[in-house]
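# Observations on the three-dimensional arrangement
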Amino acid sequence: MPPYRLLTVCTGNICRSPAAAVLLRRALAHEGLGEQVEVGSAGTSWEAEGAPMDDRTELALEHAGYAQPFEHEARTIHLTELLAWDLVLAMTPEHAQTLRRMADQTPPGRTAPEIALWRRFEPGQELTSEVELAVEDPWYEGQGAFDRTVRDMHAALPGIIAHVRAQLSTGDSAVGDPAAGDLADER
C-alpha cells in the first residue's frame, strides 16, 4: 500500500471527484509520485452508488487529453473509510462541512484526515473564503460546463502536488494505522 492516501469527494461521485482523481493520478505519475500516493474518490450522497462516471465527464476528460479507460464505480464515503485517508479534497464547502462533521466522530486513538477544498491549492487562493472556492457542479449544464470544470481543476494540481511532496518528505501519514483497515475498492 502506498505511504500516502488522497481522496477526492463531491456529491454523487460521478462527475467532479472521479475527474479530479483522474487528473491527480496522471499528475502524480508525471511527477514520479504515482507509486507513493494512492488516489480514490467518493461521494457524500448514496444516490449514485454503483454508477459509472457520467458520460459528459468522460468526454470532458478526453477533450482535456486524458485517455480511456476511466474505470470507476460511484461510492459513498463513511466514517470508517474516511479515517483511512491522509488528505481528503472536497469540491465545495458543503462537502467539506459534511466531511468535517463526520471526522468529528473520530474515535479516541484514531486520526482524522486533513480535509481541504480542492481549490484551496490554486495559486493565490490561500486567503479566499471557502464559499468562493467551490468547484461548481456542472450536472445541470451542457458539455461546455463539464469541459470548463475539468479545465479549471488543473489550476490546483501544482499546489496539491507540492503539498503531497511536503507530506511525504515529513512522513506525515496516517497510513499504516492498523485500525484504518484494508479497503479494497476502485482506488
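Above this text you will find the structure in question.
The paragraphs below set out a description of the structure included in this document. Predicted, not measured: the structure shown is a model, and the values here were computed from it. All residue numbers here refer to positions counted from 1 along the written sequence of the relevant chain. Given that this is a predicted model, residues contribute local features only at a pLDDT of at least 70 and side-chain atom pairs are listed and counted only at 80 or more, while totals for whole chains, interfaces and linings are drawn from all residues. To obtain the side-chain values, all non-hydrogen atoms of the structure were included, while hydrogens and water were left out.

## Re the overall build of the protein chain
Rules: Only DSSP runs of H or I covering at least 4 residues are called helices, and only runs of E covering at least 2 are called strands; the numbering of each starts at the N terminus. Using C-alpha atoms as the atom set, the radius of gyration is obtained and then compared with a globule rule of 2.2 Å times the number of residues to the power 0.38. When checking whether two residues touch, look at their non-hydrogen atoms; a contact exists if any pair is within 4.5 Å.
Looking only at helices and strands, the protein chain has 6 helices and 4 strands in total. For the protein chain, the sequential pattern of α-helices and β-strands runs β-α-β-α-α-β-α-β-α-α. The C-alpha radius of gyration of the protein chain comes to 15 Å, within 12% of the 16 Å expected for a compact globule of 187 residues. With the C-alpha coordinates aligned to their principal axes, the bounding extent of the protein chain is approximately 45 × 35 × 35 Å. Contacts spanning at least 24 positions in sequence make up 79% of the contacts within the protein chain whose residues lie at least 6 apart.

## As for the packing of helix 1 (residues 16-30) against helix 5 (residues 143-153)
Helices that pack against each other are described as a pair by the angle of their axes relative to one another and the distance between those axes. Worth spelling out the cut-off: Only C-alpha atoms enter the line fits that serve as axes; for helices the fit covers just the stretch in contact. Angles between N-to-C directions range over 0 to 180 degrees. Each angle gets one of four labels, with under 35 degrees taken as roughly parallel, over 145 as roughly antiparallel, 65 to 115 as roughly perpendicular, and the rest as oblique. Two helices crossing with the near one rotated counterclockwise from the far one by less than a right angle form a left-handed crossing, whereas a clockwise rotation gives a right-handed crossing.
It is the contact of helix 1 with helix 5, at a shortest axis distance of 10 Å, that shows an interaxial angle of 45 degrees. The pairing of helix 1 with helix 5 is recorded here as oblique in orientation. Seen from above, helix 1 lies across helix 5 with right-handed handedness. Judged by residue contacts, Arg 16, Ala 19, Ala 20 and Leu 23 of helix 1 engage Thr 149, Val 150 and Met 153 from helix 5.

## Quick look at the environment of Pro 107
Where we set the bar: For each residue, the accessible area found with a 1.4 Å probe, counting protein chains only, is set against the maximum for its type, and the residue is called buried under 20%, exposed over 50%, and partly exposed in between.
Along the chain, the position of Pro 107 falls in the loop between helix 4 (93-103) and strand 4 (114-117). The partly exposed category is assigned to Pro 107, whose relative accessible area is 35%. As for Pro 107 and Leu 83, which are separated by 24 residues in sequence, their C-alpha atoms are 9.7 Å apart.

## Focus on the nonpolar core
Note on soluble globular proteins: their nonpolar side chains tend to be buried together. Going by this rule: Grouping buried Ala, Val, Leu, Ile, Met, Phe, Trp, Tyr and Cys residues that are joined through side-chain atoms within 4.5 Å yields what is termed a nonpolar core.
Core analysis: the largest hydrophobic core is formed by 38 residues, its most contacted members being Leu 6, Leu 24, Leu 61, Leu 89, Trp 118 and Ile 160. If you tally residues by element for this core, the top one is helix 1, at 8 residues. Contacts of Leu 61, omitting those with residues within four sequence positions, involve Ala 19, Val 22, Leu 23, Met 53, Tyr 66, Phe 70 and Val 150. Counting 15 residues, the second largest nonpolar core, distinct from the first, contains Leu 82, Ala 90, Leu 99 and Ala 103.

## A look at the sheet that holds strand 3 (residues 87-90)
This is how the line gets drawn: Note: two strands are recorded as paired if DSSP finds a minimum of 2 bridges between them.
In space, the 4 strands of this open sheet follow the order 2-1-3-4, with parallel pairing throughout. The open sheet has two free edges, formed respectively by strand 2 (37-43) and strand 4, since each of these has just one partner strand. Averaged over all neighbouring strand pairs, the angle between strand axes comes to 25 degrees, with direction disregarded. Together, strand 1 (4-10), strand 3 and strand 4 form the strand contacts of helix 4, whose direction differs from that of strand 4 by roughly 170 degrees.

## Quick notes on the pairing of strand 2
Where a strand is regular, its side chains alternate between the two sheet faces. Filter applied, for reference: With its strands directed away from the observer, a crossover is right-handed exactly when the path from the first strand over the helix to the second travels clockwise.
Most of strand 2 is tucked away: 7 of the 7 residues are buried. Direction of pairing for strand 1 relative to strand 2: parallel, over a ladder of 7 bridges. Its bridge partner lying in strand 2, Leu 6 is registered against Val 39. For the handedness criterion, the β-α-β arrangement of strand 1, helix 1 and strand 2 is classed as right-handed.

## Points about the state of the cysteines
Which entries qualify depends on this criterion: Any pair of cysteine sulfurs within 2.5 Å is marked as a disulfide.
Applying the stated criterion across every chain, the model contains 0 disulfides. Here Cys 10 is not disulfide-linked; the sulfur of Cys 15 is the nearest cysteine sulfur, at 6.6 Å. Residue classification places Cys 15 among the buried positions, given a relative accessible area of 6%.

## Digging into helix 1
The cut-off we apply is this: Helix span, expected: 1.5 Å multiplied by one less than the number of residues in the helix.
Here helix 1 contains 15 residues, and its C-alpha end-to-end distance of 21 Å stays within 8% of the 21 Å for a straight helix at 1.5 Å per residue. In terms of burial, helix 1 is largely enclosed, as 11 of its 15 residues are buried. Among the residues of helix 1, Arg 16, Ser 17, Pro 18, Ala 19, Ala 20, Ala 21, Val 22, Leu 23, Leu 24, Ala 27 and Leu 28 are the ones counted as buried. Once helix 1 finishes, Gly 32 follows within two positions and takes phi at roughly 75 degrees, a positive value.

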